[in-house]
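Structural description and commentary
Letter by letter, the chains look like this.
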Amino acid sequence: MTEKLTPTNNKPLELDAEALKGDFVDHMEFSLSKDEYTATLHDCYASIGLAARDRLTERRIETKLEYYAKNPKRVYYLSLEFLMGRALGNTLINLDLYENAQKALSELGYDLEELREAEWDAGLGNGGLGRLAACFLDSLATLGLPATGYGLRYDYGIFFQNIVNGYQVETPDNWLRLGNIWEFQRPELLYIISFYGRVEYTDEGGKPKPKWVDTEDIVALAFDTPIPGYRNNTVNNLRLWSAKATREFDLNYFNDGDYMKAVAAKASSENITKVLYPNDNVFEGKELRLKQEYLFVSATLQDILRRYKKKSGDLKSFADFSAIQLNDTHPAIAIPELMRIFIDIEGLDWEESWDITVKTFGYTNHTILPEALEKWPVLLMERVLPRHMQIIYEINRRFIDMLNAVSFDQSLISELSIIEEGADKRVRMANLAIIGSHSVNGVAALHSDILKAKVFSGFYSLWPKKFNNKTNGITQRRWLKLCNPKLSALISGKIGEGWVTDLFQLSKLKEFADDAGFQDQWMQVKSHNKELLAKYIMNHNNLRVNTSSIFDIQVKRLHEYKRQLLNVLNVITMYNRIKENPGKDFVPRTVIFAGKAAPGYYMAKLVIKLINSVADVVNKDKAADGLLNVLFLRNYAVSNAEKIIPAADLSEQISTAGTEASGTGNMKFALNGAMTIGTFDGANIEIMEEVGRENFFCFGLDSEGVASLRNEGYNPMNYYSNPELRLALSQISSGFYSGGDTELFRPITDSLLYHGDTYMLLADYESYIECQESVSQAFTDKKRWARMSIFNTAGMGKFSTDRTIAEYAKEIWGVKSLKVGAPGSNKRK
């Protein structure tokens, strides 16, 4: 940096309320060109956000200078999804500005909480995968680890969900309509991304040298979002790529007087990052999705190599300074892309390139379901990325040669091959990721065991040391301190604030679990949060709910394996019991659903309709008034999750055992003192171990029981003799909940009774109902319930992403924390 660019006043910005007030007013006038007469609520949010961003920027520059000076090994976290949510609250928390911002705004006549509501969610993800990536970024910065997140800047995020006549209706999520104050466009960082074309060979020293020619090119443009650590001056970066045309227009078309053709190429190029694909597992074979994945990794690798070459020209040391983590298979095309760069551009030989590549990459698997393991048609790959298909073939040939050389079981070779043979040959991206990485990890103990024993058992027998587990986590900064301020204050008042960066300190709460006074305070906080959610429900659903009832909540992506339908069967069973025994005592319940179904997922969308139809009948019946309410909250996102989760009494984590990789919603609920009713699946098992089985409502078959029952020949009709189940299914199919329409919900009952009940709802129904009765019984014992709630929060120390990331850093990446000084501490030369 030249002296002319060195700030004349190197004094860092103040953090007090007066300074924030001044900067708020300055940004309103000079950044937004508004005054007190024209400013909107969004303008006020933007002004305080820009004041916070100024302080982020100081620390971001300091962080970059420190990294450049020390040249540490860096982590590059590649994820096609980042479900960031809103940034203002989290930024203020991490910069220790929250209280001063509240004070400053209050003195100016504004309410911080109201302004936070004006921020649009950055919904660049479908669910758990993207939200985990966002939590990881928070922990990477909080732990002071040199890291950059890479993804795509979709013009439209996950769709906005409306509910019309009980049906999900999708509308575009135009999250950038009002701009994004948190990002910095980097027009100087442009990378050429090529598609199609062909491969030709030239002679170079008697050896054929491949060259990818006649390509169609576009440009990837960088947008940077600063990611602050918690009160440690580290601000890392999330770099998102946007597709742009290589030239604005083809002027030849203008000469012919055809304006539409002139802009057609530009529009087509920029479509690549236009929209986030929904998570419906049907995008395989869609050319645009493949182009998204390649643009993402190609731009990212070019950027990583540009940064690396600033300090070193020797690519042999690349893996010593670069750890690239693949968040699921979506970025797996990075493996042949890095090989292409090393061989075709940098001139390295195959063996050396492959050695560096494998040492650089780590792969995180996020699914057990075979249909969710990404595969691409070979014909599509050959057309869109012809050079990469050649490299994949060569990786596979050498891999199979190696298997034959070690006399590997011939019957397993076709299973381990990257190429799935058949009439429509496909590239197995998970196999490519495993072969091309030095580490393969699952995200919960059970999930990792299933990967080793079943899904990738052949690979595990070949490379047992390559496989490991890294149980997922969540960031307590957002999912307790920010979203549940009263509980955070109560906890900090008892045990101090150390838990914010060391979640294991929550275990100190156990000594207060039997303290009657502390129990009362604890439950008062829960009651307060339930009142807030009740107001939200009234405003959004026009439904008054009983805040003394059990708030029984299932919020997550709609999918058959997550078994929202099993929850509906329990709702119907409770309703029938109320109707049959009107004078009998019944522990009141408010059952809350939320979550989006992929637009093309017919059965999941039909379940949403069923939930709303059941709610319509139950909520209008005076017999259920004050005893049972059912509702579906539209457009589940990070911002309303922050309202829903603190209010929960009961968390529904009821997927079929052996289907959920981990889950992180289960962790968020338990951290906020909700009890879990759950199966022996994903991270549920580890949560139960940590909080104590007596503080966890478990039911149903475990994964071995599920496998055993399937092997024996599962027949759902064997469970139809249960009279309450039979009545519930009969009501669904007979039109009781659909105004007499006997066809509307028949696909649901047919799937359970006549099409195999794939996710074994009927097998687990009776156990689930009995467990729900145990929940009601426990809720009536207020002291027991309070104690259980405290123990759930106290047992959540393991489930911080701080712990998860520390394990990745030590055991996979080999990176270390780097302390960043306060703004201005690094002398600029």
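Residues numbered from 1 in each chain as written. Predicted model: local features only at pLDDT ≥ 70, side-chain atom pairs only at ≥ 80, totals over all residues. Heavy atoms only, no water.

Here we come to the sheet that holds strand 23 (residues 675-678). Reading across the sheet, the six strands line up as 21-20-19-22-23-24 and stay open at both edges, with parallel pairing between neighbours. At either end of the open sheet lies a strand with only one pairing partner, and these are strand 21 (628-633) and strand 24 (697-698). Bridge analysis of strand 22 (residues 650-653) against strand 23 gives four bridges, and the strand direction is parallel. The residue of strand 23 that forms the bridge with Ser651 is Thr676. (Pairing = 2+ DSSP bridges. Helix = DSSP H or I, 4+ residues; strand = E, 2+ residues; numbered from the N terminus.)

With that settled, consider the sheet that holds strand 18 (residues 467-469). Spatially, nine strands are ordered 7-10-11-4-1-12-13-17-18 in an open sheet, and the strand pairing comes out mixed. Unpaired on one side and paired on the other, strand 7 (184-195) and strand 18 mark the two borders of the sheet. Pairs of neighbouring strands in the sheet enclose a mean axial angle of 25°, with direction left out of account. Both strand 10 (residues 216-228) and strand 11 (residues 235-245) contribute to a ladder of 11 bridges, which runs antiparallel. Bridge assignment links Pro226 to a residue of strand 11, and that residue is Asn237. Along the sheet face, helix 6 (residues 128-142) touches strand 1 (74-78), strand 4 (147-152), strand 10, strand 11 and strand 12 (322-327) and points at about 55° away from the line of strand 10. Here helix 32 (residues 801-813) sits on the sheet and contacts strand 1, strand 12, strand 13 (361-364), strand 17 (439-442) and strand 18; the angle it forms with strand 12, its principal contact strand, is near 120°. (Axes fitted to C-alpha atoms, helices over the stretch in contact; angles between N-to-C directions. Contact = heavy atoms within 4.5 Å.)

Where nonpolar side chains cluster on the molecular surface, the patch consists of Val164, Tyr167 and Val169 and spans about 220 Å² of accessible area. In this fold, Val169 is placed in strand 6 (residues 167-171). Val169 sits in the partly exposed class, given a relative accessible area of 33%. (Patch = residues over 30% accessible without salt bridge, like charges linked within 9 Å, V, L, I, M, F, W, Y side chains within 5 Å. Areas by Shrake-Rupley, 256 points an atom, 1.4 Å probe, with all protein chains shown as cover. Salt bridge = Lys/Arg side-chain N within 4 Å of Asp/Glu carboxyl O. Buried < 20%, exposed > 50% of the residue type's maximum accessible area, 1.4 Å probe, protein only.)

Before going further, it helps to examine the nonpolar core. Among the nonpolar cores identified, the biggest contains 107 residues, and Trp241, Met381 and Trp813 are the most heavily contacted of them. If one sorts the elements of this core by residue count, helix 9 (residues 287-311) sits on top with 10 residues. Setting aside chain neighbours within four positions, we find Trp813 in contact with Lys73, Val75, Leu140, Ala323, Gln325, Ile805 and Tyr808. (Core = buried A, V, L, I, M, F, W, Y, C linked by side-chain atoms within 4.5 Å.)

Turning our attention to the side chain of Thr659. Structurally, Thr659 is set in the loop between strand 22 and helix 25 (665-671). Residue class for Thr659 comes out buried when judged on its relative accessible area of 8%. Only 2.6 Å separates the side chain of Thr659 from the backbone oxygen of Thr656, close enough to count as a polar contact. With sequence-adjacent residues up to four places away left out, Thr659 is seen in contact with Ile368, Leu369, Tyr561, Asp681 and Tyr759. (Polar contact = N/O pair within 3.5 Å; in protein donor to acceptor, adjacent residues only side chain to side chain.)

A few words on unusual backbone geometry. Look at Tyr196: it is not a glycine, yet its phi comes out positive at around 60°. Tracing the backbone through its elements, the reader meets Tyr196 in the loop between strand 7 and strand 8 (198-204). Looking at Tyr196, the relative accessible area reads 15%, which means it is buried. For Arg563, which is not glycine, the phi dihedral falls at a positive 60°. The exposure class of Arg563 is buried, given its relative accessible area of 1%.

What follows deals with the packing of aromatic side chains. Given two aromatic rings, their pairing is described by the distance between the two centres and the angle made by the two planes. Counted by the stated rule, this structure contains 25 aromatic pairs. Between Phe195 and Tyr196 the ring centres are 6.4 Å apart and the planes differ by 55°, which places this aromatic pair in the tilted class. Relative accessible area serves as the criterion here: at 2%, Phe195 is assigned to the buried category. Between Phe459 and Trp463 the ring centres are 6.2 Å apart and the planes differ by 15°, which places this aromatic pair in the stacked class. Through a chain of ring-to-ring contacts, three or more aromatic side chains come together here, namely Tyr76, Tyr150, Tyr191 and Trp241. Lying across the ring of Phe551, Lys530 places its NZ or CZ 4.8 Å from the centre. (Phe/Tyr/Trp six-rings, centres within 6.5 Å; stacked < 30°, edge-to-face > 60°. Lys NZ or Arg CZ within 6 Å of the ring centre and 35° of its normal.)

Time to look at the state of the cysteines. Enumeration according to the criterion identifies zero disulfides in this entry. Unpaired in this structure, Cys483 has its nearest cysteine sulfur neighbour in Cys135, at a distance of 11 Å. A relative accessible area of 10% places Cys483 in the buried class. (Disulfide = S-S within 2.5 Å.)

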